[in-house]
Amino acid sequence: MTTQQQLKQAVAEHALTYIEDGMILGVGTGSTVNCLIDLLPKLKIKGAVASSNATAERLAKLGIEVLDLNMTGELDLYIDGADEVNANLQLIKGGGGALTREKIVCASSKQFICMVDGSKWVEKLGVTFPLPIEVLPQARSYVARELVKMGGEPVYREGFVTDYGNLILDVYDLDLTEPLVMEQRMNNIVGVVCNGIFAYQKADKLLIARPSGVEMLE
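Residues numbered from 1 in each chain as written. Predicted model: local features only at pLDDT ≥ 70, side-chain atom pairs only at ≥ 80, totals over all residues. Heavy atoms only, no water.

*Asks:* Is there a simple way to think about the overall build of the chain in this case?
*Replies:* Each helix and strand counted, the chain has 7 helices and 13 strands in total. A principal-axis box enclosing the C-alpha atoms of the chain has dimensions of 50 × 40 × 30 Å. Split into buried and exposed, the 218 residues of the chain put 52% on the buried side. Per element, the accessible surface of the chain, about 10200 Å² overall, is 49% carbon and sulfur. (Helix = DSSP H or I, 4+ residues; strand = E, 2+ residues; numbered from the N terminus. Buried < 20%, exposed > 50% of the residue type's maximum accessible area, 1.4 Å probe, protein only. Areas by Shrake-Rupley, 256 points an atom, 1.4 Å probe, with all protein chains shown as cover.)

*Asks:* Hey, could you run me through the pairing of strand S3 (residues 77–80) in this one?
*Replies:* Each regular strand shows side chains that alternate between the opposite faces of the sheet. Both faces of S3 are covered, namely the face carrying Leu77 and Ile79 and the face carrying Tyr78 and Asp80. Alignment of S3 against strand S6 (residues 112–117), held across 3 bridges, turns out to be parallel. Across the sheet, Ile79 pairs through a bridge with Ile113, a residue of S6. (Pairing = 2+ DSSP bridges.)

*Asks:* Would you mind showing me how to read the sheet that holds strand S13 (residues 213–217) here?
*Replies:* In a beta sheet, neighbouring strands are held together by backbone hydrogen bonds and run either parallel or antiparallel to one another. Pairing in this open sheet of 6 strands is mixed, and the strands run S2-S1-S3-S6-S12-S13 from one edge to the other. Each edge of the open sheet carries a strand with a single partner, namely strand S2 (47–50) and S13. Taking each pair of neighbouring strands and ignoring which way they run, the sheet shows an average axis angle of 20°. Looking at chain direction, S6 and strand S12 (residues 205–210) are connected through 5 bridges and run parallel. For Ile113, the partnering residue across the bridge sits in S12 and is Lys205. This element, helix H3 (residues 53–61), spans strand S1 (24–27) and S2 of the sheet and lies at about 160° to S2. (Axes fitted to C-alpha atoms, helices over the stretch in contact; angles between N-to-C directions. Contact = heavy atoms within 4.5 Å.)

*Asks:* Would you mind showing me how to read the side chain of Ser51 here?
*Replies:* As for its placement among the helices and strands, Ser51 is situated in the loop between S2 and H3. Residues in contact with Ser51, not counting those within four places in the same chain, are Val27, Gly28, Thr29, Tyr78, Ala98, Arg101, Glu102 and Val105.

*Asks:* I would appreciate a short explanation of the state of the cysteines in the present structure.
*Replies:* Disulfide: a covalent bond connecting the sulfur atoms of a pair of cysteines. Summed over the entire model, instances satisfying the criterion amount to 0 disulfides. No disulfide involves Cys106; its sulfur sits 9.4 Å from the nearest other cysteine sulfur, which is in Cys114. (Disulfide = S-S within 2.5 Å.)

Below, the structure written as structure tokens:
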């Protein structure tokens, strides 16, 4: 029986085939991405822009130069995982709390490849995984009240602070039937830094690992 870790390893190895020598790579955050990072020393990339401090530390330990996005210009490729993905290649991300930085690096890249195992595939976003929202500390209660008005059940992620010094609300029971609409609507709440719907910045290619092999969708 194929384990979830074996699927993550398989999809990471497949993702390597999209990385060319000399690229400046945007690198995401999470357990599947960690499998990819550990394989990067095989390649000859110019360097990488990290979507979190944890990713930056892992890259640096392997001798990969970590670059400042303000100095690189547009990136060749961004590779990251997801907490959920639907048939339109729209995502929920942010389980690791790096959603804002992930969106910035993604927006700065020519192409976004998302790699997941089959457990992340859903018919509708937000049913099995709560939506992470990064909020300014002073606005946490206000934003939570606004999310309740929208039908959500926000839960404060206690003991967690983002790389930018902000807080995370994990929101259950939101109706995400229209991800594009909801992504914009939540961004308009005062005090919200970013939300974990990647609909405007959906994946260009999805690599999904199943026991039968790795499938590519676009």
